Amino acid sequence: MKGLVLGLSVLLIVTCDATVAAQGQIKTIREKRVTIQMADSPLQCAIEWLVNEYDVAFGYEESTYDAKHDDFVFYHSTWLQADWKKHRLDTVSAKCFPRWPTKGHDLTLNFADAKLEDVLDELVRQMGDYRWEINDEVVNIIPVKGREPIFAELLDLKIGKFKFDAGTDLKVFGGAFSFKVPEINDFFEKKNQIPSGDSTTSSSGESTAGFDFSNIPFRELLNKITKVKRGCWSIRRDKYSTPVEQRERMIMIEL
């Protein structure tokens, strides 16, 4: 009995230590100091700046209210460091500029040496219909209104087995990797949905970490992969494919 109590005590201590460490990491991310200045710009502008200038990782689940426009569309957003330095020098320091005109969902952020949590609060306030939370060191932007049931079901889908070896080239993590996962393929077939996604990622080089997961929700897997490769993941309806009538059945997964 004494040995059992001792074993449970050690387990509790280890679990508590892990929980405290995770909470500390979340606090560190929330309190990260950032400067960002942008006016009348799409979401891509803010994401690209925060990802590359401050190494903030993101995940985004689109609301049905935003399925008909592309103001909240953002791509991989991760630049190679040398390219980012050049790109950054092409702008005025600490400012980002829109790549394309918005269609009524423009965002304006003006923060200097502010906590990241304050920037994110203002970001989702202006987006409307969203909240943010940190999952596995990745900032997730999640709908509070207009959440598409099929997205929710897909992100909650349990993936039976996923293995990633340490040292693997991160280029394997294009959005199309998802469609090589049996559970994802089965889901699309059963729901009569059409998968869509880029086949490459802007991340490059080898990962120093590996993982081997079983029975893990798809959202959790996306967060864990993004934590390793950095940058972003997103799930949304396709905006540009033809014929147009197929778009409502097309789910775009980008990573």
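Participant: Would you mind showing me how to read the environment of Asp 70 here?
Facilitator: Residue placement: Asp 70 occurs in the loop between strand E2 (58-61) and helix H3 (81-89). Once the C-alpha coordinates of Asp 70 and Gln 44 are considered, the two residues, 26 residues apart in sequence, prove to be 10.0 Å apart.

Participant: When you look at the nonpolar core in this model, what are you seeing that I'm missing?
Facilitator: Residues Ile 36, Phe 58, Leu 123 and Met 127 are the most contacted members of the largest nonpolar core, which totals 33 residues. Among the elements that make up this core, the one with the highest residue count is helix H2 (residues 43-54) (8 residues). Once residues within four sequence positions are removed from consideration, Phe 58 is found in contact with Ile 47, Leu 50, Val 51, Leu 120, Val 138, Val 139, Ile 141, Thr 226, Gly 231, Cys 232 and Trp 233. Counting residues in each nonpolar core, the second largest holds 25 residues, with Ala 57, Phe 187, Ile 253 and Leu 255 among its members.

Participant: For this particular structure, what's the right way to read helix H6 (residues 182-191)?
Facilitator: Among the residues making up H6, those that are buried are Ile 184, Phe 187 and Phe 188. Down the axis of H6, the buried side of the element spans an arc of 95 degrees, and every buried residue falls inside it. Every exposed residue of H6 that faces more than 90 degrees away from the buried side is listed here: Pro 182, Glu 189 and Lys 190. Looking at the buried residues of H6, the elements they touch are helix H5 (149-156), strand E6 (158-164), strand E7 (194-196), helix H7 (218-229) and strand E10 (250-254). One or two steps after H6, the chain reaches Asn 192, where phi turns positive at roughly 55 degrees.

Participant: Is there a simple way to explain the environment of Asp 66 in this structure?
Facilitator: With respect to the helices, strands and loops of the structure, Asp 66 is situated in the loop between E2 and H3. Between the C-alpha atom of Asp 66 and that of Asp 129, which follows or precedes it by 63 residues, the distance is 9.5 Å. Here Tyr 130 takes part through its side chain, which lies 2.7 Å from a polar atom of the side chain of Asp 66.

Participant: Just checking my understanding: could you explain the packing of aromatic side chains for this structure?
Facilitator: Two measures describe an aromatic ring pair: the distance that separates the ring centres and the angle between the ring planes. Tallied over the full model, the rule gives 3 aromatic pairs. Ring centres 6.2 Å apart and planes at 80 degrees place the aromatic pair Phe 72 and Tyr 130 in the edge-to-face group. You can see Phe 72 sitting in the loop between E2 and H3 and its partner Tyr 130 sitting in strand E4 (residues 130-135), a full 58 residues away along the chain. Residue classification places Tyr 130 among the buried positions, given a relative accessible area of 6%. Taking 6.2 Å as the distance between ring centres and 85 degrees as the angle between the ring planes, the aromatic pair formed by Phe 187 and Phe 188 counts as edge-to-face. An aromatic cluster of at least three residues, connected via ring pairs, comprises Tyr 60, Phe 72 and Tyr 130.

Participant: What's the story with the pattern of salt bridges in this structure? I'm lost.
Facilitator: Where side chains of opposite charge bring their charged atoms close, a pairing between them can arise. Under the counting rule described, the total for this entry stands at 15 salt bridges. Note that Arg 125 and Glu 122 form a salt bridge whose closest N and O atoms lie 2.7 Å from each other. Of this pair, Arg 125 and Glu 122 both sit in helix H4 (residues 116-127), 3 residues apart, which is roughly one turn of the helix. Salt-bridge contacts for Asp 136 lead to Lys 227; the nearest nitrogen and oxygen are separated by 3.2 Å. On the criterion of sequence distance, the pair formed by Asp 136 in the loop between E4 and strand E5 (138-143) and Lys 227 in helix H7 is long-range, its members being 91 residues apart. Linked through salt bridges whose partners overlap, the residues forming this network are Asp 136, Glu 137, Lys 224 and Lys 227.

Cut-offs applied
- Residues numbered from 1 in each chain as written.
- Predicted model: local features only at pLDDT ≥ 70, side-chain atom pairs only at ≥ 80, totals over all residues.
- Heavy atoms only, no water.
- Helix = DSSP H or I, 4+ residues; strand = E, 2+ residues; numbered from the N terminus.
- Core = buried A, V, L, I, M, F, W, Y, C linked by side-chain atoms within 4.5 Å.
- Buried < 20%, exposed > 50% of the residue type's maximum accessible area, 1.4 Å probe, protein only.
- Contact = heavy atoms within 4.5 Å.
- Arc of directions from axis to C-beta.
- Polar contact = N/O pair within 3.5 Å; in protein donor to acceptor, adjacent residues only side chain to side chain.
- Phe/Tyr/Trp six-rings, centres within 6.5 Å; stacked < 30°, edge-to-face > 60°.
- Salt bridge = Lys/Arg side-chain N within 4 Å of Asp/Glu carboxyl O.

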